[in-house]
Structure formats: structure tokens, C-alpha cells
Amino acid sequence: MNIKQYLTKENILKYLLIFLRLLLISVCIGVFISFFQFCVYHLLNFLKDVFINHDKTKMIIFFCIIPITCFLSIFLNNINKNINSSAIQKIEYCVEEKNSQGLNWKKDLPSIFISSLFSFMSFACLGAEGPSLAIASNSALMVNDLFDVKDDETVLIAAGAGFGCALISPLAGIMYYFETILHKFTLKGIFKAIFITFIAFFISQLIFSHPIAYFQINDFLEITNLSKAYYTFPIIGIIVILNFSLSNIYLVILLKIKDFYKKYQNNLLVKYRGIIFYMITIPLAFFYGNYMSTGSMLISDCKNIVSIAWNLILLLMLFRLFSTIFASTSAISGGVVIPQLTIGALIGCLIVNLLKSAVPNIHIELYENEIILLSMISFYVCLMDAPLTGIALIFAFTRFEIALQLLLPATIVMFLCYFLIRFKKQKNLNELLKKYL
């Protein structure tokens, strides 16, 4: 092999341009998502003062601006269907169908950014990680357009990078791309995913290091003995079966509602269901603000939630389940990964509470936090068919030494969920939602 034949000026320039394009995509993802994180962080702090602390001055400001933000949110989502929900399904669909004309970063990028912030004004059960994926993918579309290059692979890799930046876990972002979007591993894709994801992550952390999904898991997860992590093995079956069953209930209800909306899509109430969404969620947020929003506050409070009556935990879990379905089918912008993790965490709280009452001699308090964490990830994995992403999230949400101690039980739980999904021949949530585009 003659290496010189590859070192021509044309080839050097070609690979230099590819490098510069990928680098610029990475930097744009990091900059845009860190700015989005900054806006979400300060907006949610403002809304906590409105809905939870009932700060009078901020409540007056809120009531002055909420009619405008509600109108603009509904208006943007009705004129641009690309930004409905998390928007990532539309991007994946257009890439898979080789229909780039269906995407327009000049319109979609600012729309998903602004519309998501307006949606969060309702304090509904929506997460910011979904819009982060769409922001990242549109960033790649923008740079590819600048270089006059069509590179669908980088558009999808960018979505994974957005996921990794949002959850402060580049490894989870890489796994998300291969498991949830691509469904296979390629050597070329691995190198590009590592390059884009880690640079984007570094840039986002450099600018604004606060995660979109913040919950204080490490405040109540303290494993002091390696063997303690393995006490969860007898309960693994309960965690998997309960999360798999409830995730299927979630899917059935969600898809039935989607079918209904598709059948009656020309009905005015269906077309403008965003109005109903705001009319319900905003009053709910004033009375039950601690149980609304992304779910980060609930996950951080799991230590206290496990001590309340089991029927109240069940009601809270069902409330979050139906609220998340309602929010994700209301034709507004927002993600559902963090709300799904919240449902899983509440299922874990319910398991711990019931085991304490039914089998007091097993001293469940020694490893209740591990059960909650495993359950939290399981619900997401059952919906998204992504066991490797689930394992990566264990490392994202806990300190490294704790994650290592939980690695074996976590791996068993994730792959039991995976085998149940394979047995049922169930597609992941993203794939199922594409038929409604």
C-alpha cells in the first residue's frame, strides 16, 4: 500500500474540512444546549417561587405574561408540526425516509427552543432533555448546510450528543444514539459519536455545568459495603415485572390517545388541545406544585416518599403516569425521559414501602435506595428498549464507586427488561410514535 497516494492535497483538504465540520457541529451543540440549560434552570427557579413558594411579586409577573406565552406556545406548535413533543421522532423519520426537505433548521431550531420554554411555564410533567436532542440535531443540520454537505449520520449522532449533554453523561449519549436511534453499531459511527459527543459535552460543561435533569440521588445513596448492593437480587424480579407491566399500561394508554387524536385531527378541540392542557395544568401546579414539573424534586425526595402510606404512593405514581401521558399528547414541546424516570422512581418507592410492611425481617431499609434507583432506570429501559443506555445512566446519576457496586444487579435488571421486550416483540416508544407523524 502506497500511503503517499492518500496524502494528496485534495485528500488532505477533504479530511480537514470533515474535521472542521464535525468540530463546528460539536461546538454548536455545546453552546446551544448550555444556553438552553441556563434558560431552563432560571425559568424553573422562577416557577418554583410562583407555584410552590407563592411569591406575590413573581405571581403577578407570571399572570401578566402567561396569556402571551400560552398563545405563542400553541401558535408555534400548530404552524410547525416538527416541534411537537420532543421533535426527535420527526427528525429520525425524515432522515430514515431520506426526506430532508421535511426539516428546516432555520425555522425548527429557534421554534423548539422558544416553544419548550413557553411549555415549561405550565409547570407540567415535561422534561428538557427531549428538546435538547432536537436542538442538537438541528445544530448539525445548520452546520451541514453551511458546508453544503448532506450527512444524515451526524444529524442523528448529534441527537445522542444532546442527550448526553442534557443528562451530564456522554457515555449515555453515545449509547442512546446506537440503541435508540440507529439500532446497530458501526466502527465509523463509534468514532464520530465519541468525537462529537465528548467535545459537545466539554463545551456545555465549560459554559454552564448545571444539568437539565438535577436530582440529589447521591444525597441518599450511600453504599458502605460492597455486599450490600447484592441484597437487591431477591427483589430484582419484582422490580422488573412491576416496571414492565406499568410501562406497557403507559404505552397502551398513550397510543390509544394518539389514535383518537389522529382519527379526529380536524376537530377544533383536538386541534387546539393545547388550550385545554394549559387550563388544567396551571391550576394543578398551584395546588400540587411539589408533584409537578419534570419530576426532579420528587426523585430528590424519595427518602421521605417511601415513609408515607403505600396507597398515597400509588396515587402519586398514577398521577405522574397520567400527567406525563397527558402532557406528551397535548401538541406542545417538551421531553418525557425525566418524567418517565420519575414514574420508575415512584414504583421503586412503592416496592420498598410494601416490602417493609409485608416482610419486616429482611431489613429493606439497608438497600431501599438501590431499589429506587434500579426501578427508576427500569421503567425507562422498558419503554425505550435501551439496556446499555440504562446502565450508562447508573453512572450518570451516582458517584463512580457506587455505580461500580451496583453494576452487576443493574446489568441483570436491564437485560431482564430487554429479554421481556424481545419476547413480546415490542418496538421502542420512539419507533411506535413515528406512525403518527
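Cut-offs and rules
Residues numbered from 1 in each chain as written. Predicted model: local features only at pLDDT ≥ 70, side-chain atom pairs only at ≥ 80, totals over all residues. Heavy atoms only, no water. Core = buried A, V, L, I, M, F, W, Y, C linked by side-chain atoms within 4.5 Å. Buried < 20%, exposed > 50% of the residue type's maximum accessible area, 1.4 Å probe, protein only. Helix = DSSP H or I, 4+ residues; strand = E, 2+ residues; numbered from the N terminus. Contact = heavy atoms within 4.5 Å. 1 Å grid on protein atoms, 1.4 Å probe; cavity = no way out; pocket = protein on both sides within 12 Å on 5 of 7 lines; lining within 4 Å. Points joined across faces, edges and corners; volume = space filled by probe spheres on them. Salt bridge = Lys/Arg side-chain N within 4 Å of Asp/Glu carboxyl O. Expected span 1.5 Å × (residues − 1). Bend = angle between axes of the 7 residues up to and from the residue.

**Student:** Looking at this structure, how should I read the nonpolar core?
**Tutor:** Core analysis: the biggest nonpolar cluster contains 137 residues, and Ile29, Phe62 and Tyr250 have the highest contact counts within it. Ranked by residue count, the leading element in this core is helix H1 (residues 9–51), at 13 residues. Discounting chain neighbours no more than four positions away, the residues touching Phe62 are Phe46, Leu47, Val50, Phe51, Met121, Ile282 and Phe286.

**Student:** Which parts of the structure should I look at to understand the environment of Gly162?
**Tutor:** As for its placement among the helices and strands, Gly162 is situated in helix H6 (residues 152–166). Taking the relative accessible area as the measure of exposure, Gly162 reaches 0% and is therefore buried. Sequence separation between Gly162 and Phe195 is 33 residues; the distance between their C-alpha atoms is 13 Å. The residues contacting Gly162, other than those within four sequence positions of it, are Ile33, Ser132, Leu133 and Ala136.

**Student:** Help me understand the layout of surface pockets, please; the structure alone is not making it clear to me.
**Tutor:** Any space left empty among the atoms is revealed by the rolling of a water-sized probe across them. In this structure, the largest pocket spans a volume of roughly 880 Å³. Forming the boundary of the largest pocket are 43 residues, of which Asn84, Lys258, Arg273, Tyr436 and Leu437 lie nearest the centre. When residues of the lining of the largest pocket are traced back to their parent elements, those giving at least two are helix H3 (88–96), helix H5 (129–146), helix H9 (236–263), helix H10 (268–271), helix H14 (310–328), helix H15 (337–358), helix H16 (368–384) and helix H19 (429–433). The biggest single contributor to the lining of the largest pocket is H9, with 5 residues.

**Student:** What is the right way to read the pattern of salt bridges from this model?
**Tutor:** Two side chains of opposite charge can pair, provided their charged atoms sit close to one another. Under the counting rule described, the total for this entry stands at 10 salt bridges. A salt bridge links Glu92 to Lys434, with the nearest nitrogen and oxygen atoms 3.0 Å apart. Separated by 342 residues along the polypeptide, Glu92 in helix H3 and Lys434 in the segment after H19 bring together distant segments of the chain. Neither Glu92 nor Lys434 differs from the other in exposure class; each is buried. The structure contains a network of salt bridges with shared partners spanning Arg21, Asp151, Glu153 and Lys192.

**Student:** How do you make sense of unusual backbone geometry when you look at a structure like this?
**Tutor:** At Ser293, a position not held by glycine, the phi torsion is positive, near 65 degrees. For Ser293, the location among the structural elements is in the loop between helix H11 (273–288) and helix H12 (296–300). Its relative accessible area of 6% is what places Ser293 among the buried residues.

**Student:** What is the right way to look at helix H18 (residues 400–424) in this model?
**Tutor:** Given 3.6 residues per turn, any residue in an α-helix points the same way as the ones three and four places further on. Taking 1.5 Å of rise per residue, 25 residues should cover 36 Å, and H18 covers 34 Å from first to last C-alpha, within 8% of that figure. Within H18, the axis deviates most sharply at Leu407, by approximately 55 degrees, and proline Pro409 lies no more than four positions further along. Burial in H18 covers these residues: Ile402, Ala403, Gln405, Leu406, Pro409, Ala410, Val413, Met414, Cys417 and Ile421. Buried residues along H18 sit in contact with H9, H16 and helix H17 (387–397).

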